[in-house]
Structure formats: structure tokens, C-alpha cells
Number of protein chains: 2
Amino acid sequence: MRSRPTLESVARQAAVSRQTVSNVLNAPHLVHPTTIERVRRVIDEVGYRPHGAARQLRTRRSHTVGLRLQPSDGINGDILDRFLHALTQTAQDHGYRVLLFTAADDDLEIARYSELLDTVEIDAFVLTSTHHDDPRTRWLALRGVPFVTFGRPWDPAGEKDGGHAWVDVDGASGTRAATDHLRALGHRRIAFLGWPDGSDTGDDRRAGWRAGMTAAGIPAAEIASLDVGVPDDIEMAVAAARRLLRESAPTAFVCVSDTLAVGVLAATRSIPPLRENSAGESEQPRGAVAVVGFDDTPVARTIGLTSVSQPVTEAAKRAFLLLLDQLGRIGSPGTGRHVLLDPTLVVRRTSPRPDQQTQPQNPT
Amino acid sequence: MRSRPTLESVARQAAVSRQTVSNVLNAPHLVHPTTIERVRRVIDEVGYRPHGAARQLRTRRSHTVGLRLQPSDGINGDILDRFLHALTQTAQDHGYRVLLFTAADDDLEIARYSELLDTVEIDAFVLTSTHHDDPRTRWLALRGVPFVTFGRPWDPAGEKDGGHAWVDVDGASGTRAATDHLRALGHRRIAFLGWPDGSDTGDDRRAGWRAGMTAAGIPAAEIASLDVGVPDDIEMAVAAARRLLRESAPTAFVCVSDTLAVGVLAATRSIPPLRENSAGESEQPRGAVAVVGFDDTPVARTIGLTSVSQPVTEAAKRAFLLLLDQLGRIGSPGTGRHVLLDPTLVVRRTSPRPDQQTQPQNPT
């Protein structure tokens, strides 16, 4: 019995790599014309039919969506893992599976798309960790492959380039709510401990804090003196918080992540007690700065850290429905749909009213 | 163009459900003989060839392994997510992908296997959360589907039934190391806060503590008085720890999970400070009980909880290699291989020497 021609057998016969065969099919501009000619001749001779082409003819779907699993990331890694759980469950509820792969960067992620479309049956992709000038969405849109992103196309140009389907959480609205919450508690000098400039997600969260401070009438120079960016690392946050406290004397911190918030707590006090004491006090040291984190991780829930919570399950559900929309309308140009969800502030013991710290609530 | 026959079209033509067609192919003992006959006639007529059967004829592999994603589980959920990350990366390094699905219980997981083997190309399965009398491994072994489990076949009979490939972490060795560590610090009345009897993993961890206590010459009645099981919940742990402290006066706790360890900390003191103070002290309240958790979660790393760390990345690598072994030897009976890895104890501030609590380390 002669076996069915495959990407591998075509590559062997044309004396090129699998990647080259894949490029001939999906990205011919990357391949030398004489190589294209040689590979195409072999493809015709052996009658190879890539899955990607076969898919156009089929009405049956593989009921599989692909997702690149991002490296997990300590305290914050939790959020993408929660998205994955919710996505897999939603997919299963609709009779779909999630195919996981990894890639070191965007270009390798694109190489995986190409390889997967050629070698396995896959209906669509879900992308996370979008950023401005994202080559992945361009690549998929050009080839008409259905996809949705968890994350906005941060580039306004990217938006014009296709207006692909996306779901995101409004980070600025979350940090704005945190800032307003701290203002309502009586704080005025509220610092922002963010990531360095240039992170789309980080800059968005910074913008919400800045808008809240501006709306509160804080002068621009004072706002600037309360704004610091460091990498997402507890020890870096400890050092940055100490410097800020020395130089700008904030009474509260809005942090871009729970990791950085834990660093602020470490710089300013012991981790607060897990439970209130018998008098109902929160046992905050008098004058301790208030701290708000972002992502409502298990660490935040355990140590009583106020934090901004992303509706990850809802995001995954909406993202999958946007995919189903596309899969139902084969051949129609994806008009795209965009979903921006609001996060919620979960208030815990690290953001008490300044006048309530160490004051018994029930003086009887 | 007439479309290729599928499981669906066979089911429609035979007027049965997809599951019934799948059962005829994979579990005919579940189907009435007259139904089997009708379905087989349709299969022959339309020339349907299930992927599972086709796979026997192919030499090409799909390079896809299937995994049921377990529900995530708060503080402890971290461990299976870390296994998934490591497995996906190892798979990718070998040119494989991981296909995720969900299922509410073992029987539904088996139904998914059956469906996946019939409808998509899949080479093998990875199973987690094994338990005694596990029907999943029996099902796969009977059908000759390659698989490996992260977790032992807890049933001795299961072991005899096939001796399938597995990788596990020696939980008893971890709790034994924790117990010996606390003994070396001078503790004698060391409690075990575990899960209720009947959890294979939990009972294994309890056995390590018990062996350490017995080796230390603690009388059996005293050991029994220090042994408590509760569900994996912080509040339940708080209540259980208080009761134990009142009734049995332990000076240290070995806990079956970081979740329960956090409950013990909440019952006995504030969460310890993140960083040592300037004098190098650990600021443990004098006489605070020592606490050891299990799984070295981000929560443990953040709050300074001593915890048993599972070598999850190594487990995922070894598991995948055991799969590759099987996939390389098509047709040869799987002789199985078993890998039991040792965890390591990560000592942090919740298990200080009793005589060092609140004593400055550098009296100069």
C-alpha cells in the first residue's frame, strides 16, 4: 500500500525542509522562486493536498481551536491560566477542543500557525497577549483564518487593518475605580507603581490612575512625582516603594499587579493578618499606606490585598462566541466584533479608611 | 461532490446517536446485537473508516496528545497548571501539541476519549488525578491506546492489570522530610492536618508523617491524637487547628496542602512578615507553632511558608518521554515504566527553630 503524501514526504522529495514547504504554501514571498517551482512540482506529482486547502472544501469542522500557551509567570501567571480553563470549558460546552502549543516569540507563533494549518485539522485560533504592531493578527487576517484575541489590537493602524474580533478588559477603568476608592477613603497623595513605559497593558492601567488623579484636581507636576515604573518583581517594588515614600510621601499606592502590590506591603509593613481579631479591628499599623493590586490572584485573596478583578470567565465565553460567529459564516468577510469588559474592585484589608486603622469598630 | 462519510453521517443513516456508533466501534458489549448489526451494515455500505482504525494503518503520526483539563482549584490548582505548562513545552520540543478537553467525571472522560479517537487524529493521552479503581486506564489499556499517567495506579490490582506507564511524586517522602525537619528543630508534638481518609494522595502524605513520628518513638495513641482530616478549605483548617491546639497542644503542623497551612497560620498568628527586619530577626511571635505546607505555591513563596515542592517540570518531561517510548514501538505490548520522583522541602520563615524565634541572630 502506498501511503498518503504528507508535508514530510513532499519536503523529502523536494530536498527542502518542512518549513520551506509550508512557506511555499502560506508565505511564498519568503521563498526563492526556483525553490517554489521545485516544491510545487513535487506537490503536483505526488498529489499532496494540505489540510489548509482541504478545509476549504469540507463542510465538516474539526471542532478544534488553537492557542499558544504563554509561559506562566508566578503570581500573575494565574490570569492566563484562568482564561485557558474558562476557554476550554466553554469550548467543550460547544463540542470543541483546545489545541495547545508553545512558541518563543511572535514569529515562531506564526510559524506554528502555518505548520498546524498544514498538518492537523484546526478551525480557528485564539490569541492572547496582544500588543501594538502585532504581526500575528495580520498574518491570520491575510489568510482568512478565523481568530479572536483576548486583548485589544493596541495599534490604531491594526484596528483599521481589519477590525478583527477581540475581547478585552478595561484596565484603565479598573485603576480609575481603585483611585476613586482611595480618594473616597480620604487619600490625596496616591502613587502609581506600574511597569516601565511601553507596555500596552501597563500604560492603559496607568492612564486610569492618571485620569482619576486629574479629575481630583491634583496638579500635573504632583501626579508625575507619584508615578514610577519597575519590572514585575517583588524586590524591585520594595526598592521603588521605599524611594517613593522618601521622596514623595504617598499615603496610598495603586499597583499595576499583585506582585508589585506585595512588594509595597513588604516595604511598608508586615503582611496584614488573615483574619480580623476578636475586637473586629483590622490590625493595620497606624498610618500604614493603603495598597491596591491588580488581578485578584490567590495571593491577594490569602493576604487580604484589595485588588482589581478581571472577569476572565466572561472574557473567555465572549471570545469563544465571537469565534463561533465567524465559523458559522464561512466565506463572509469577518466584520469583527469588539467586547470591552469592566473589571471590579475587590476591597479587602489593605485599603482601610485612614481614620479606622487600629481603631476598634465596636468600642462597647 | 459526495462528502466523505463521517461518524455523524453513519449515525444519521443508521438512526442512532453518535455515541452508539462510537460504542459499536469501541465498546460493542454496551450495544444491543441488532443495533450493532444495523450500524455495521451502514459502516460497510458507506465505506466509513474511523480514525481509530485508520491510525492502525498509518505510519504518520498526528503528533497530538490529549489531556483532560481538571477544574482549577484556588491555591492548589497551581500544581496541575504547572504540569500542563511543562508538558506542553516538552511536547513542543518534540514537535507535539497538547489537545485539551474537559469532562465532569471519569465516565465522561472515557466518552471523550472515544469521541476523540473517532473524530480527530490523536496519538496518545496523558491522564492526571489517578485514583484507585480508575476505569480510565483500564479502558485505554484494553484498546491499546498509548497513554501515561501523572499519578500512580493506586490500586494494586490496577498495577497487575497492565503495569501502565506512570510518573508520580513521592508525597510520603515529602511529608517525612517535613516531619524530620521539624523534629530536628526540637519539635515533638507535630500534628498532621490532612484531608479526610480515602484520598489516595492525601493518605500517602499522611503515611510519610506517620512514619516519621513512629521512627521518632512517639506512641501510637499520641500520633492518633495529632492526626486530623478536613476538606481543603482555609476556614475549615482554622477551626481544625484551633481544636487541635486546645485538645492536643501540638507545637508544629505538617499540612497536606498550602491551603490548609494558610488556615493554621491564620489560627495561630498573623501572616509572618515578608522580609526579615533590619536586625535579621524573623519576627515570629515567641512560641508560635511551626507550619509546613505542601506544593510550594506562589502563596507559600509570598508569605514565607515552608512547603514541600513537587518537581513538576521533571515529572512532565519524564511522562512525555514514557509516551514517546510507546509511540516508537507500535504493536509491541507496552511493558510500562514507572518513575517515582522525590519532592524537596523548601524551608522558609514558618518553621524556625523554637529557640530562635524573636532572638536576634547578630547580637553584635
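Conventions adopted
- Residues numbered from 1 in each chain as written.
- Chains lettered and ligands numbered in written order.
- Predicted model: local features only at pLDDT ≥ 70, side-chain atom pairs only at ≥ 80, totals over all residues.
- Heavy atoms only, no water.
- Salt bridge = Lys/Arg side-chain N within 4 Å of Asp/Glu carboxyl O.
- Helix = DSSP H or I, 4+ residues; strand = E, 2+ residues; numbered from the N terminus.
- Buried < 20%, exposed > 50% of the residue type's maximum accessible area, 1.4 Å probe, protein only.
- Pairing = 2+ DSSP bridges.
- Axes fitted to C-alpha atoms, helices over the stretch in contact; angles between N-to-C directions.
- Core = buried A, V, L, I, M, F, W, Y, C linked by side-chain atoms within 4.5 Å.
- Contact = heavy atoms within 4.5 Å.
- Polar contact = N/O pair within 3.5 Å; in protein donor to acceptor, adjacent residues only side chain to side chain.
- Expected span 1.5 Å × (residues − 1).

Q: Run through the pattern of salt bridges, naming residues and quoting values.
A: Residue and element names in this part refer to chain A. Inspection of the entire model under this criterion finds 48 salt bridges over all chains. For arginine 337, the salt bridge identified is with aspartate 325, shortest N-O distance 2.4 Å. Taken as a pair, arginine 337 in the loop between helix H15 (312-328) and strand S11 (338-341) and aspartate 325 in helix H15 lie far apart in primary sequence, twelve residues in all. For arginine 337, a relative accessible area of 42% gives the class partly exposed.

Q: Could you give an account of the sheet that holds strand S2 (residues 97-101) of chain B, with specific residues and numbers?
A: Spatial ordering of the open sheet is given by S11(A)-S5(A)-S4(A)-S3(A)-S1(A)-S2(A)-S2(B)-S1(B)-S3(B)-S4(B)-S5(B)-S11(B), a layout of twelve strands whose pairing is mixed. Each end of this open sheet is capped by a strand with a single partner; those strands are S11 of chain A together with strand S11 (338-341) of chain B. Recorded for the sheet is a direction-independent mean angle of 20° between the axes of neighbouring strands. Sheet topology places strand S5 (residues 165-169) of chain B next to S11(B); four bridges connect them, and they run parallel. Residue pairing across strands places Asp168(B) opposite Leu340(B), the latter belonging to S11(B).

Q: Before we move on, can you summarise unusual backbone geometry with the specific residues and values?
A: Phi is mostly negative for residues that are not glycine, and the peptide bonds are mostly trans. One non-glycine residue, Ala249(A), adopts positive backbone phi at about 50°. Along the polypeptide, Ala249(A) turns up in the loop between helix H12 (234-248) and strand S8 (252-255). The exposure class assigned to Ala249(A) is partly exposed, which follows from its relative accessible area of 44%. The backbone of Asp133(B) sits at a positive phi, close to 60°, despite the residue not being glycine. Along the chain, the position of Asp133(B) falls in the loop between strand S3 (124-128) and helix H7 (135-142).

Q: Quick rundown of the nonpolar core? Include the residues and the values.
A: If you look at the biggest cluster of nonpolar residues, it comprises 84 residues, and the most contacted ones within it are Leu193(A), Phe253(A), Leu193(B) and Phe253(B). Contacts of Leu193(A), omitting those with residues within four sequence positions, involve Val228(A), Val230(A), Ala237(A), Ala240(A), Phe253(A), Val254(A), Cys255(A), Val256(A), Leu260(A) and Val264(A). Listed in part, the 58 residues of the second largest apolar core include Leu67(A), Phe150(B), Val312(B) and Phe320(B).

Q: So, the side chain of Glu109(A): which residues are in play, and what are the values?
A: Residues and elements named next belong to chain A. Assignment of secondary structure puts glutamate 109 in helix H6 (residues 106-119). Separated by 2.6 Å, the side chains of glutamate 109 and tyrosine 113 make a polar contact. Not counting residues up to four positions away in its chain, the partners in contact with glutamate 109 are Arg68, Phe101, Ala103, Leu127 and Arg136.

Q: Before we move on, could you go through helix H6 (residues 106-119) of chain B and cite the residues and values that matter?
A: Residue and element names in this part refer to chain B. Look at H6: 20 Å from first C-alpha to last across 14 residues, which is about the 20 Å you get at 1.5 Å a residue. With ten of its 14 residues buried, H6 lies for the most part within the structure. Every buried residue of H6 is listed here: Asp106, Glu109, Ile110, Arg112, Tyr113, Ser114, Leu116, Leu117, Asp118 and Thr119. You can read the cap of H6 off the contacts: a side-chain oxygen lies 3.1 Å from the backbone nitrogen of aspartate 107, and it is on aspartate 105.

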